[in-house]
Amino acid sequence: MRQLLFFVFTIVLASFFYGCAYKVMKADEFLEQNELAKAKKRIDKAVEKDADSPATQFMLAKYYSHPVWSYDAVDSAHLYIQYVNDTFPKLNADVTEKLAKKGLDSTAISKQGLIIDSLAFEKATSINTEEAYNYYLNHYQHLTFEENAIELRNVVAYEDAISQNTTQAVSEFFRKYPDAPQAQKARNVFETLYYEKKTQNQQLINYKEYLEERPETEYAEEAAYELLKLLSAGANAREYEQFISQYGEFKASQMAKSIVHGLNYKEQIPVLITHKKDGLYYFFDLNSKRLSPFQYKAVNPDSCAFIMRPFILANEKNSTQAYLKNGQRIFDSAINSIEYLASGFFKIGTNRLKQNLIHYSLNEQLQQVSLDFKFLDKFHYAKKSQEGWHLMSILDEPILRQPVDSIWKEGDVFFFKKGNDMAVASILDFKKMAKDDLKSLSFLYDDYEWLDDQYLRLYSNDFETILDHQAQVIFPVEKARFDFFGDFWIKEKQGEITVLDKNKNSLFEEGLNDYQYGSGVLALQKDSLWSVFSNGLEGFPRFQYDSIRIFNSWLTFAVKDSVEYLLFQSGEKIALSKEDKYRLLKNYNVAFSDVTDQIRFVEIANEGGYFQLLNGFGRKIKEGQKLDISVLTPGLIQIHTDKRKQLIDSAGAVIEIEDAEAFGAFKDGLIPILNDKKFGALIVDSLKLIPAHSQSKLEVFLKDSLYVFEEENLVGISDVSANILLEADFQSIEFFNDSTAIVEEEGEIGILNIYQNNYLHEGIATWEKVIVEEQKYFILRKEGGYGVVNQLGEEVIPFIFNELTAYQSKNEFFWLAERRLSEINYIVIAYFDKDGKVLFKEGLNFDDYLETACD
């Protein structure tokens, strides 16, 4: 019975459903005939009877996707077709079969879904916004136009992000759409915007922070370069090296390395020796000791065959070209002039009025063009424009806010002049924290003067300013006069003298009227009386002298109550009588020209011819009647009295020398002594006496050991005891080494062992001594030609050359030799190291040789 009832219910329900479906599906005919009112009326009745019927929902979907509505009701159509999609599969087979007969099946549903999808895409394109396309992509299932929608969505989203011109908008785009074709563009734009915003103030810290945050972006290189330029203002080598260490992964560090390498570029580049062969000039590099791999047709050496300048000048097609010494062309076009300035930079003039600044690295970022360039130190130069001179870092970073008339540097201080006024600055003043952090100068001064090479006195009318050697203020501008004397300052203001220590503290009481200073001695005056400080500024001044005169560091003359005094640095004070005359003894021997202050003797004589000799401490070391006193050395004095000559030291002790007839001038450690028409000598350092045995003054052969003596106009060698080592058989004797001499005997020159009395070399026509790193070499000319021997007499270069010269390049030493084969019009050139190793040799015809030969 229950089964029968279920069957009847199903039949009734199906009949009812089928009847409703049949009626609502009739609305489709109205839609096809564009009778939307009738269709809507039929659909509304169906909704009233069974709103959830798939047939009703399907017809609603068709109604709202009818062309008359275009895409305005597409969302409603989409809602109804979705319902149909969800419910239709759940209907039993009988129902779906009957619906199919009325035109509602899965195919019809899918077809209508595609129509609705198309309308939805059309709506999205008409709105053409990121949100519209995303709504289509996120809410519609068929997505027939998915690729088109994504493509259009990406375009409009990218354009919108770019139009906002913010890092947030652009980063939002590539985070949401990482696979969009525009994603990389967006990332690039983001980096551009981020870099511009981060560095918009162009501050040093901005570039540092950017490199810390984003070291791998495309703008990191630019940030590193801008950072290096900012750091270059006021920089030194240490700061460049720090940059290289910290930012070594960037190209800017390579530029910094080039700068550091270029600081001593001139000292590092080699000297080249050029020769011409077969119409080409070849170059031998004295640094690498090999022939360079390049040649030129016409070259201008700067000294015979040598190219010592930091560049090579070659003539090509009636124009001059400049090359580095590695063969690279410095400048692409012909030049009129070239000058090496500093730090690896060349100044090149062309036919134009402007000058070109080129770095040896040939880095284009280091090239500049201006009216003129002038290097001030290794890290800064002045660049001239029509407006004046600009101060620039070596990377062309501007430092001054305004141009000036001239710029120069003395010590560590930079000087600037504009009109008749001057300004000064130190390298520390050039540090920049930002691009627009330019220095403004105060032109306060009209002249300057250095004090003891440590301090700078700046004049401004009657005012003075004192700076140290780094342009730091010691005394600010003041209407006063300042002088510096090693350990203290003298300040003169409104007629009053003040003595200040290095910390500017007053050392003595105020009210001083005048001062004198010389050789470390200071005299101060107060109330017309003088006080003298001969040994530093310790203690209190004693104002007691009416007048003073400072002679030197150890002696000052003073007058007190009409009595004259000699004041010694030791503290000794000698009163002079009215008849006394004094004089400071001097020695005019050029051997003591550098130690004149060590000769400290004073002679005092009265009208009766009585003499006193005082040493530099004020002690009396000799006195007597009618003394003839002369200084031989800082420690030895000759006394001549009553036809007797005596030698004493600076303490007054007598040097015992019997029967001395005369003492000669000091030379080579000896004081000649004449005794019975023959010369001996006193060895000053040891005060040892060499007995008289020479007809002329002894000459030193080996210090404190062997001497050249003369007998009957010939010379020999003797020792300190006058024992004859080598008989006087020679016209001349010259030192070769401790056991060997270059001698001339009967017109023949040879190298003789003085102990064995045998010759190592004979037949020498001429000779020349060459000292290399404290080693001695000798260029000898024999019958076969020139050659070289070392200080042991060993042959280094064979005696076969017509010309042989010594040449030193930096720390290397070379022998340059030439041998002429006149019978075949041929010349062989050869270069040797200092030990005689052949480095290079080449044969040349005579015409080619003359192209680089010295006149």
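Bear in mind the structure is a predicted one, so any value in this text is a computation, not a measurement.

Novice: Quick question: what am I supposed to make of the side chain of D833 here?
Specialist: Topologically, D833 is positioned in strand β57 (residues 826–833). For the buried D833, no salt bridge exists, and the shortest N-O distance to an oppositely charged side chain is 5.7 Å, to K837. A distance of 2.8 Å separates a polar atom in the side chain of D833 from the backbone nitrogen of K837. Sequence-distant contacts of D833, defined by excluding residues within four places in its chain, comprise F813, W815 and L839.

Novice: Where do I start with the environment of F190 in this structure?
Specialist: Within the fold, F190 resides in helix α11 (residues 183–198). C-alpha separation for the pair F190 and Q168, spaced 22 residues apart in sequence, amounts to 8.4 Å.

Novice: Can you walk me through the pattern of salt bridges in this structure?
Specialist: Proximity of charged atoms lets side chains of opposite charge pair with each other. Scanning the model with the defined rule gives 34 salt bridges in all. Between E191 and R214 there is a salt bridge, with the nearest N and O atoms lying 2.5 Å from each other. Of this pair, E191 sits in helix α11 while R214 sits in the loop between α12 (204–213) and α13 (220–232), and the two are 23 residues apart along the sequence. By relative accessible area, which is 11% here, E191 ends up buried.

Novice: What's the story with α12 in this structure? I'm lost.
Specialist: Structurally, the α-helix is built with 3.6 residues per turn, so residues lying three or four positions apart point the same way. For α12, every residue scored as buried is listed here: L204, N206, Y207, Y210 and L211. For α12, the arc enclosing every buried residue in end-on projection is 170°, short of the 170-degree limit, so these residues lie on one face. As for α12, its buried residues are in contact with α11 and α13.

Novice: Would you mind going over the pairing of strand β41 (residues 678–683) with me for this structure?
Specialist: With 5 of its 6 residues buried, β41 lies for the most part within the structure. Where strand β40 (residues 670–675) meets β41, 6 bridges bridge the pair, whose relative direction is antiparallel. Residue L670 lies in a different strand from β41, and its bridge partner there is I683. In this antiparallel pair of consecutive strands, β40 and β41, the connection spans 2 residues, and D676 shows a positive phi of 55°. Alignment of β41 against strand β42 (residues 688–694), held across 4 bridges, turns out to be antiparallel. Counted as the bridge partner of L682 is L689 from β42. Hairpin connection, β41 to β42: the antiparallel pair is bridged by 4 residues, and L687 has positive phi, about 55°.

Novice: Would you take a moment to explain the packing of aromatic side chains for this structure?
Specialist: Working definition: an aromatic ring pair is given by the centre-to-centre distance plus the angle between the planes. Tallied over the entire structure, the rule returns 52 aromatic pairs. Taking the centre distance of 4.8 Å and the plane angle of 65° together, the rings of Y455 and W489 count as edge-to-face. Of this pair, Y455 sits in strand β18 (residues 455–460) while W489 sits in strand β22 (residues 488–493), and the two are 34 residues apart along the sequence. The exposure classification of Y455 matches that of W489, with both residues buried. Among the aromatic residues, those joined into a ring-pair cluster are F121, Y135, Y136, Y140 and F145. Its end group placed over the ring of F475, K504 keeps NZ or CZ at 5.6 Å from the ring centre.

Novice: I would appreciate a short explanation of unusual backbone geometry in the present structure.
Specialist: A negative phi angle characterises most non-glycine residues, just as the trans form characterises most peptide bonds. Positive phi is not limited to glycine here, since A722 has a value of about 70°. Positive phi outside glycine occurs at E746, with the angle close to 55°.

Novice: Even after reading the chapter, I still don't get the sheet that holds strand β14 (residues 406–410), so can you show me in this structure?
Specialist: Through backbone hydrogen bonds, the strands of a sheet pair up, either in parallel or in antiparallel fashion. Strand order across the open sheet formed by 3 strands is β14-β15-β16, with antiparallel pairing between neighbours. Every other strand in the sheet has two partners, leaving β14 and β16 (421–426) as the edge strands with one partner each. Across this sheet, the average inter-strand angle for adjacent strands is 25°, counted without regard to direction. With 6 bridges connecting them, strand β15 (residues 413–418) and β16 associate as antiparallel partners. Within the sheet, the bridge partner assigned to K418 lies in β16 and is D421.

Rules used throughout
- Residues numbered from 1 in each chain as written.
- Predicted model: local features only at pLDDT ≥ 70, side-chain atom pairs only at ≥ 80, totals over all residues.
- Heavy atoms only, no water.
- Helix = DSSP H or I, 4+ residues; strand = E, 2+ residues; numbered from the N terminus.
- Buried < 20%, exposed > 50% of the residue type's maximum accessible area, 1.4 Å probe, protein only.
- Lys, Arg positive; Asp, Glu negative; His and termini not counted.
- Salt bridge = Lys/Arg side-chain N within 4 Å of Asp/Glu carboxyl O.
- Polar contact = N/O pair within 3.5 Å; in protein donor to acceptor, adjacent residues only side chain to side chain.
- Contact = heavy atoms within 4.5 Å.
- Arc of directions from axis to C-beta.
- Pairing = 2+ DSSP bridges.
- Phe/Tyr/Trp six-rings, centres within 6.5 Å; stacked < 30°, edge-to-face > 60°.
- Lys NZ or Arg CZ within 6 Å of the ring centre and 35° of its normal.
- Axes fitted to C-alpha atoms, helices over the stretch in contact; angles between N-to-C directions.

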